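Each chain, written out:
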Amino acid sequence: MTAPIPRDIPDLPPIPGHVVLPPTVVPARAVLIPARRRPVAAFRGLIALLALTGVAIELLAADIPPTTALSHFTIQSGILLALVMLASARCAWSAHHALPGALTGAALFYVIAAALVHHVLLAHASSPFATPDGTGTGIGTGTAWQTAATHILHTAVPVAAALDWLLLTPAGRLHLRQAPAWLLYPLAYLAFTLARGELLLPGAQDRYLYPFLDVAQHGYKIVLGNALLVGLALYALAVLLVALDHIRPDPVRRPR
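Residues numbered from 1 in each chain as written. Predicted model: local features only at pLDDT ≥ 70, side-chain atom pairs only at ≥ 80, totals over all residues. Heavy atoms only, no water.

> Would you mind going over the packing of helix 5 (residues 101-122) against helix 9 (residues 215-247) with me for this structure?
What describes two packed helices is the angle between their axes and the distance between those same axes. Two numbers describe how helix 5 lies on helix 9: the axes approach to 11 Å, and their chain directions differ by 130°. Comparing their axes, helix 9 and helix 5 come out oblique. The hand of the helix 5/helix 9 crossing is right-handed. Within the contact between the two elements, helix 5 uses Phe109, Ile112, Ala113, Leu116 and Leu121 and helix 9 uses Val230, Leu234, Leu237, Ala238 and Leu241. Looking at the contact of helix 5 with helix 9 residue by residue, the classes come out as 10 nonpolar, no polar and no charged. (Axes fitted to C-alpha atoms, helices over the stretch in contact; angles between N-to-C directions. Helix = DSSP H or I, 4+ residues; strand = E, 2+ residues; numbered from the N terminus. Parallel < 35°, antiparallel > 145°, perpendicular 65-115°, else oblique. Left-handed = near helix turned anticlockwise from the far one by under 90°. Contact = heavy atoms within 4.5 Å. Nonpolar A, V, L, I, M, F, W, Y, C, P; charged D, E, K, R; others polar.)

> I tried to follow the packing of aromatic side chains on my own but got confused; where do I start?
By convention here, two paired aromatic rings are described through the distance between centres and the angle between planes. Under the criterion given, the structure shown has 10 aromatic pairs. Each ring, one from Phe109 and one from Trp182, has its centre 5.7 Å from the other, and the planes form 25°; the classification is stacked. Here Phe109, found in helix 5, pairs with Trp182, found in helix 7 (residues 178-182); they are 73 residues apart in sequence, far enough to count as distant. Ring centres 5.0 Å apart and planes at 75° place the aromatic pair Tyr110 and Tyr185 in the edge-to-face group. On the criterion of sequence distance, the pair formed by Tyr110 in helix 5 and Tyr185 in helix 8 (residues 184-199) is long-range, its members being 75 residues apart. (Phe/Tyr/Trp six-rings, centres within 6.5 Å; stacked < 30°, edge-to-face > 60°.)

> How should the side chain of Arg207 be read in this particular structure?
Among the structural elements, Arg207 can be located in the loop between helix 8 and helix 9. As a buried residue without a salt bridge, Arg207 has its nearest oppositely charged side chain in Glu198, at a separation of 4.7 Å. (Buried < 20%, exposed > 50% of the residue type's maximum accessible area, 1.4 Å probe, protein only. Lys, Arg positive; Asp, Glu negative; His and termini not counted. Salt bridge = Lys/Arg side-chain N within 4 Å of Asp/Glu carboxyl O.)

> Explain the environment of Val157 here, please?
Counting through the fold element by element, Val157 comes out in helix 6 (residues 144-168). Sequence-wise, Val157 and Ile47 are 110 residues apart; in three dimensions their C-alpha atoms are separated by 6.7 Å. Setting aside residues up to four positions removed in sequence, Val157 forms contacts with Leu50, Ala51, Leu81 and Ile152.

So, in structure tokens, the structure goes:
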């Protein structure tokens, strides 16, 4: 005969010297296998192709050296977006984990920033910094190819990237702490374009790449004031993107 097992077993004291580890939370991406999203991959591949097409037209059709064209923020942001979209397309096609939200958000932020600067400051007729060639870029002479590239890089590409973010990207991946980090590249670009203007001879073509950064015409005081205003506007744009990312509906259904 064995004694009956008591229903209520008292808690035993911990073994001396035994360390009890606290429970840990394993992130979902560590245990969940991503699914293949081939239509998403195809759409992102088309966005990359569109951006590279606009960049190629700018480099081939503009009557300026390719190094000067590559020095424009629009061209650089378009190349960055194309690379990020190609990498994101590969992840979606091969069922790999998505790229970090900080990287994809930065690429989206830069192309939207370039588009806003173009439409508000460079192409708007009432702007004091509107470019005389009518393209709003200062690249080339406003030919038909140049106009097509301008619309591709400043309208079609930002709209397509925004649609990918709104309709195909999980929500809630951006954070407010990322907004100041995104401004490091525009700040470095400001230093680059001002240093470039100082190194080129006075009167050189495209010495300063953007009219509101033309030190020869406005002086450093006004140019730095313009840069500060643009920087504050870009920071507000970054904060707006983060806020929208947390209030927009999640287009990707997450497994429970």
